[in-house]
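Architecture and fold: a report
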Amino acid sequence: MSTQFAPLQNDTFLRALLRQPTDYTPLWLMRQAGRYLPEYCATRKRAGSFLGLAKNPDFATEVTLQPLDRYALDAAILFSDILTVPDAMGLGLYFAEGEGPKFERPLRDEQAVKALRAPELGELQYVFDAVTQIRTALNGRVPLIGFSGSPWTLACYMVEGGGSDDFRTVKSMLYSRPDLMHHILKTNAEAVAAYLNAQIDAGAQAVMIFDTWGGALADGAYQAFSLSYMREVVQQLKREHNGAKIPVIVFTKGGGLWLEEIADIGADAVGLDWTVNLGQARARVGHKVALQGNLDPNVLFAGPDAIRAEATRVLESFGKPEAGVGHVFNLGHGISQFTPPEAVSTLVETVHKVSRALRAG
């Protein structure tokens, strides 16, 4: 079934990802619908819990649109959680107060790993319903980004049973039983590809793979246990839907070391954290992919003058856009819940104004 959506009024973000000319550098923020916004906190309170928010398409639509009502952002991103997929695999996702996500049944033994299967997509229908509802509510204002965690990042939570400081359990399995780890990753890759394709069918106009914990891996292990499975996902994704191209962004936090290898897996754009020099990154990947990033999120605590200076520095580091090169401005990681909302106003205004001036110069 194909839903009719309103025509897109602002396609700057998609054009930048596809390395087409743009009038200015488009901007969106990882975790832009989040706790730094008082209106988000009010909606979350009404929802009763984080999962109550994420699993209800009405609430998910409401919070996805909140940052766009406040700021002139160039894309919306689906409000969801990266752990929806392992939750649908029956691992029992729950959120402990003040502790973040946890799983009741982590993958700790051979039997549990071998029983793992990609979920039925029907288990995730609430996500696809939210995508369609958000896309409809956007009414063509800006494009909608769908997303998933990477196979490796999902595996970290599935084996550790939650977040981790040292990834001791998942890395022990990786080194001692690589066969089990590969089984988990292969299952995850199959699930992530199907999940993202279903988001595209539901109305997502670009998709992003978040490899939050890829940077925790040793060189060599990263290529074998994270990058190769992201490549597998990217190769299975629909790159066109209803006549429109669907760009794919991949982001490994801490992955600057492997930029050239990441740029080779077939995505349209590579996200960068704040440790990478954008100008050098552009020189390293040339015309192969667009780049997304990469302001340090903590700059947003430093006051308007510092925000303007640092945003300008990022834009100048990337340099003047030219044909076949694309840049989407973003933070090097998700926005902090403690960020003053007015700091984002300063950032958005600065990026749009300075990037227009750079093109005119």
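A brief report on the enclosed structure follows. Throughout this description, residue numbers start from 1 for each chain and increase along the sequence as written. Owing to the predicted nature of the model, reporting of local features is limited to residues with pLDDT of at least 70; listing and counting of side-chain atom pairs is limited to 80 or more, with chain, interface and lining totals taken over all residues. To obtain the side-chain values, all non-hydrogen atoms of the structure were used and water was disregarded.

1. A look at the pairing of strand β3 (residues 100–103)
Taken together, the 4 bridges between strand β2 (residues 93–96) and β3 define a ladder with antiparallel strand orientation. Bridging across to β3, Y94 finds its partner in K102. For two strands to count as paired, DSSP must find a minimum of two bridges between them. Think of it this way: any DSSP run of H or I at least four residues long counts as a helix, any run of E at least two long counts as a strand, and we number them from the N terminus. Counting the residues that bridge the hairpin from β2 to β3 gives 3 residues, and of these G98 lies at a positive phi of roughly 75 degrees.

2. So, the pattern of salt bridges
Each reported salt bridge corresponds to a side-chain nitrogen of Lys or Arg within 4 Å of a carboxyl oxygen of Asp or Glu. Tallied over the full model, the rule gives 17 salt bridges. We note a salt bridge from R105 to E104, for which the minimum N-O separation is 3.1 Å. Note that R308 is salt-bridged to D305, the shortest N-O span being 3.2 Å. With R308 and D305 both in helix α14 (residues 304–318), this residue pair falls 3 residues apart, about one helical turn.

3. Focus on the layout of surface pockets
Using only the protein atoms, space was sampled on a 1 Å grid; points where a 1.4 Å probe fits but cannot get out form cavities, open sets with protein on both sides within 12 Å along at least five of seven lines form pockets, and lining residues are those with an atom within 4 Å of a point. Grid points are joined across faces, edges and corners, and a volume is the space filled by probe spheres set on the points. Size it by volume and the largest pocket reaches roughly 1300 Å³. In this structure, the largest pocket is lined by 42 residues; those nearest its centre are R31, R35, F50, D81 and F95. For the lining of the largest pocket, the element with the highest residue contribution is β3, accounting for 3 residues. As a working rule, the residues Ala, Val, Leu, Ile, Met, Phe, Trp, Tyr, Cys and Pro are called nonpolar, Asp, Glu, Lys and Arg charged, and the rest polar, with Gly in that last group. Class assignment of the residues belonging to the lining of the largest pocket gives a composition of 21 nonpolar, 13 polar and 8 charged. As a volume, the second largest pocket reaches approximately 430 Å³. Lining the second largest pocket are 21 residues, with R135, Q205, H241, N242 and A244 sitting closest to its centre. Looking at the lining of the second largest pocket, the elements with two or more residues in it are α1 (12–17), α10 (178–202) and β7 (244–245). Of the residues that constitute the lining of the second largest pocket, the class distribution is 8 nonpolar, 8 polar and 5 charged.

4. Some remarks on the environment of E99
Among the secondary structure elements, E99 is positioned in the loop between β2 and β3. C-alpha of E99 to C-alpha of G162: the two residues are 63 residues apart in sequence and 9.0 Å apart in space.

5. Considering helix α5 (residues 84–91)
Most of α5 is tucked away: 7 of the 8 residues are buried. Each residue is placed in one exposure class: buried if its accessible area under a 1.4 Å probe, protein chains only, is under 20% of its type's maximum, exposed if it is over 50%, and partly exposed if it falls in between. Among the residues making up α5, those that are buried are T84, V85, P86, D87, A88, M89 and L91. G92 sits one or two residues past α5 and shows a positive phi near 75 degrees.

6. Observations regarding the packing of aromatic side chains
Only Phe, Tyr and Trp rings are paired, with Trp represented by its six-membered ring, and only when their centres lie within 6.5 Å; those with planes under 30 degrees apart are stacked, over 60 edge-to-face, the remainder tilted. Evaluated as defined, the whole model comprises 8 aromatic pairs. On the numbers, 6.5 Å between centres and 90 degrees between planes, the contact of F210 with F251 is edge-to-face. Of this pair, F210 sits in strand β5 (residues 206–211) while F251 sits in strand β8 (residues 248–252), placing them 41 residues apart in sequence. As far as the burial class goes, F210 and F251 line up, both buried. A centroid spacing of 4.0 Å and a plane angle of 10 degrees characterise the contact between Y222 and W258, whose relative ring orientation is stacked.

7. So, the sheet that holds β5
Taken in spatial order, the 7 strands make up an open sheet running β1-β4-β5-β8-β9-β10-β11, and their pairing is parallel. Every interior strand has two partners, whereas the edge strands, β1 (76–77) and β11 (327–328), have only one. With 2 bridges connecting them, β1 and strand β4 (residues 144–149) associate as parallel partners. If you follow I77 over to β4, its bridge partner there is I145.

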